[in-house]
Amino acid sequence: MKRILQYIFMISIGFPLVFLLVLSLGRQWPYPSVFPKQMTLANWEFMQESSSKLFQTFFTSLGISLTVAFLVTALCFFVSKRIAYSKNRNTYLVLAYIPYLLSPVILAVIFQYYFNIAQLTGTALGVIIAQFLIAFPFGVIIYLNFWNENLKATEELSYTLGGSTFQTFKKVLFPLSKNAILLCFFQVFLISWFEYGLTNLIGIGKVRTLTVSVFNFVNEANIFYAALACCLLVVPPMILVYINKKFIFFVEKNEA
Amino acid sequence: MKPILNIQDVSKSFGKEQILSHIDLTLEQNTVLSLVGSSGSGKTTLLKIIAGLETQDSGTIYLHGEEVSNMKPQHRNSIYLYQEALLFPHLNVFENIAFGLRLRKTPEALLKQKVTEMVSFLGMETHATKMSHQLSGGQRQRVSFGRAMIIEPSLLLLDEPFGALDSVTREKMQVLFKDLAKQMQISAVFVTHDLKEAIVMGDSIGKITKGELTQFSDLKSFYNDKDSGIKKEVEFWKQFN
């Protein structure tokens, strides 16, 4: 029974991925055929065509998401520490949840006016800033539970043992926070990578990320290209899941 | 003899609550001062102020005759040890003890020699490559002492370091600390709740009550003080005789 459940679980994860791959290779798939009539790499060759810009879109998305994830992970580390040890910790925590109560799209509508004035709409920088504003409170929330009295005491001990602020960060805080840093980086990367509404509004169609492209292909009823874009879309998250499993899960298992 | 630690008129408040009030304290070189007092009396705050981890509202602190009132903790050469051993979980026993020496960029050969000697002194030879979660509470506390002692601090500030240990381990640790303090000529302020431990560990005793410190010149005057609680304790045990 346990094995059957495991297989069901694996199929539920694997089937959509295989389906997307078949769909991206297919052409002419009329109902009720089980498989496409034609299997070809033509859709994938489309990526290389200069007019399609799908490769460019992939790397634009990657650039935006990596930048947002890096900025949020680095800044939230220090900001969350201040908040965690502040007397007003709970107030800041409530404020951090507000973007998620409003939803990113509503926030994007609010941002849009200011982004228009600052001439940031339709630019990659604008999209990065908008996504940063959404992901920043999330980064703070992820880190907040990491800071505790025990860690504070460990940090203070390092100071009294003669460690400078930089030495304490390098030799104590960073090694102890590696898992929290990786977790924050992965989560924020995924938020940015799959972000559609806010990116579409601030990017006004000029900044084409992979997620925006998928929706465009779907709107054009071009399921084969949409599947192709989806295949590209799931590659980075799958790599992240692999790294996460290898470096975080494995380390935690060994420590336990 | 010049005192190693001299505190003059130190006061500290958190908001409206006065934690320490006009504290004066002196500690002679190579002696241990036991500091007793009830919870919330201000013992930990005083220790943290001496270590530079808290800032006093007023008053001055001298270490070796030098004013350190506004000096950062890393420059005071005073180590504050908590009730928990707080070993660095990502380092093994050897590296935990070597931590302070590595911060000071001690040459590798000298570092290895010093750490090996300390590991041997602590009786932890077979545990040198173990991580902190593989050690018992007493072993962790030994490593914590070794990590502090190896950098030869001017002053050791111990905040109920044996509070989390069972009575047998506690007694062993008291003996170990006394040996270490004697051999390495350590000056220390030792905070404890336990009156017996205060007498065993200290060359002199101070008592904090509601933020005010009374420093007794010797153990006898502490015993004779009616508010010390010692006589009450003696009477309590006498009834079983």
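Keep in mind it's a predicted model, so treat the numbers as computed, not measured.

**Here we look at the overall build of chain A**
- The helix and strand inventory of chain A stands at 11 helices and two strands.
- Written out in order from the N terminus, the α and β elements of chain A read α-β-β-α-α-α-α-α-α-α-α-α-α.
- Along the first, second and third principal axes, the C-alpha set of chain A runs to 70 × 60 × 30 Å.
- Per-residue burial over chain A gives 41% buried out of 256 residues.
- Pairs at least 24 apart in sequence give 70% of the contacts found in chain A among residues at least 6 apart.
- Carbon and sulfur atoms provide 69% of the accessible area of chain A, an area that totals close to 14,700 Å².
- Computed over 18 positive and 9 negative side-chain charges, the separation of the two mean positions in chain A equals 3 Å.

**Here we look at the UniProt feature "domain: ABC transmembrane type-1" (unreviewed entry) in chain A**
- The positions that UniProt labels "domain: ABC transmembrane type-1" (unreviewed entry) are, in the present scheme, residues 62–244 of chain A.
- For residues 62–244 of chain A, helix accounts for 84% and strand for 0%, while the C-alpha atoms at its two ends are 18 Å apart.

**Topic: the sheet that holds strand E1 (residues 3–14) of chain B**
Residue and element names in this part refer to chain B.
- Read from one edge of the open sheet, four strands run E2-E1-E4-E5, paired in antiparallel fashion. Two strands lie at the open edges of the sheet, namely strand E2 (17–28) and strand E5 (66–67), each paired on one side alone.
- In the sheet, E1 pairs with E2 via eight bridges, with the strands oriented antiparallel. Paired with Pro 3 across the two strands is Glu 28, which belongs to E2.
- In the packing of helix H1 (residues 43–51) onto the sheet, the strands contacted are E1, E2 and strand E4 (58–63), and the crossing angle to E1 comes to about 120 degrees.

**Brief notes about the sheet that holds strand E8 (residues 188–191) of chain B**
All names here are of chain B.
- Taken in spatial order, the six strands of this open sheet run E6-E7-E8-E3-E9-E10, and their pairing is mixed. Edge positions in the open sheet fall to strand E6 (78–81) and strand E10 (212–216), since each of these has one partner strand only. When strand polarity is set aside, the average angle formed by the axes of neighbouring strands in this sheet is 20 degrees.
- Looking at chain direction, E6 and strand E7 (residues 155–159) are connected through four bridges and run parallel.

**Let's talk about the pattern of salt bridges**
Residue and element names in this part refer to chain B.
- With the rule as written, the count across this model stands at eight salt bridges over all chains.
- Two residues, Arg 102 and Glu 95, come together in a salt bridge whose shortest N-O distance is 2.8 Å.
- Under the relative-accessibility criterion, Arg 102 is labelled partly exposed at 26%.
- For Arg 170, the salt bridge identified is with Asp 194, shortest N-O distance 4.0 Å. Taken together, the residues Arg 170 in helix H5 (residues 167–183) and Asp 194 in the loop between E8 and helix H6 (195–201) connect sequence positions 24 residues apart.

**Considering the interface of chain A and chain B**
- With 19 residues of chain A at the interface, the matching set in chain B holds 23 residues.
- Carbon and sulfur atoms supply 66% of the area buried between chain A and chain B, which totals about 1,800 Å² over both sides.
- Contact with chain B buries area across many residues of chain A, yet A:Leu157, A:Thr160 and A:Leu161 alone supply 37% of it, more than any other trio.
- Here chain A is connected to chain B by one salt bridge.

Conventions we followed
- Every chain begins its residue count from 1, and numbering advances along the sequence as written.
- By the order in which they are written, chains take letters starting at A while ligands take numbers starting at 1.
- Local features in a predicted model are, by the rule used here, given only for residues with pLDDT of at least 70; side-chain atom pairs are given and counted only at 80 or more, and totals for whole chains, interfaces and linings are based on all residues.
- Based on all heavy atoms of the structure, the side-chain values leave hydrogens and waters out of the count.
- For the purposes of this entry, the term helix denotes a DSSP run of H or I that reaches at least four residues, the term strand denotes a run of E that reaches at least two, and both are numbered from the N terminus.
- When accessible area is computed with a 1.4 Å probe and restricted to protein chains, residues below 20% of their type maximum are described as buried, those above 50% as exposed, and intermediate ones as partly exposed.
- Any two residues having at least one pair of non-hydrogen atoms within 4.5 Å are treated as being in contact.
- In this description, accessible areas are obtained by the Shrake-Rupley approach with a 1.4 Å probe, and a residue is regarded as covered only by the protein chains that are shown.
- His residues and chain termini do not enter the charge count, which takes Lys and Arg as positive and Asp and Glu as negative.
- Just so you know, the charge point we use is NZ for Lys, CZ for Arg, CG for Asp and CD for Glu.
- UniProt positions are given in the numbering used here, feature names are shortened, and annotations may be inferred rather than shown by experiment.
- Pairing between strands requires that DSSP locate at least two bridges from one strand to the other.
- In this description, a line fitted to the C-alpha atoms serves as the axis of each element, helices being fitted only across the stretch in contact, and the angle between N-to-C directions of two axes falls anywhere from 0 to 180 degrees.
- Whenever Lys or Arg places a side-chain nitrogen within 4 Å of a carboxyl oxygen from Asp or Glu, that contact is recorded as a salt bridge.
- A quick way to say it: buried area is the sum, across both parts, of accessible area lost when two parts are put together, with a 1.4 Å probe.

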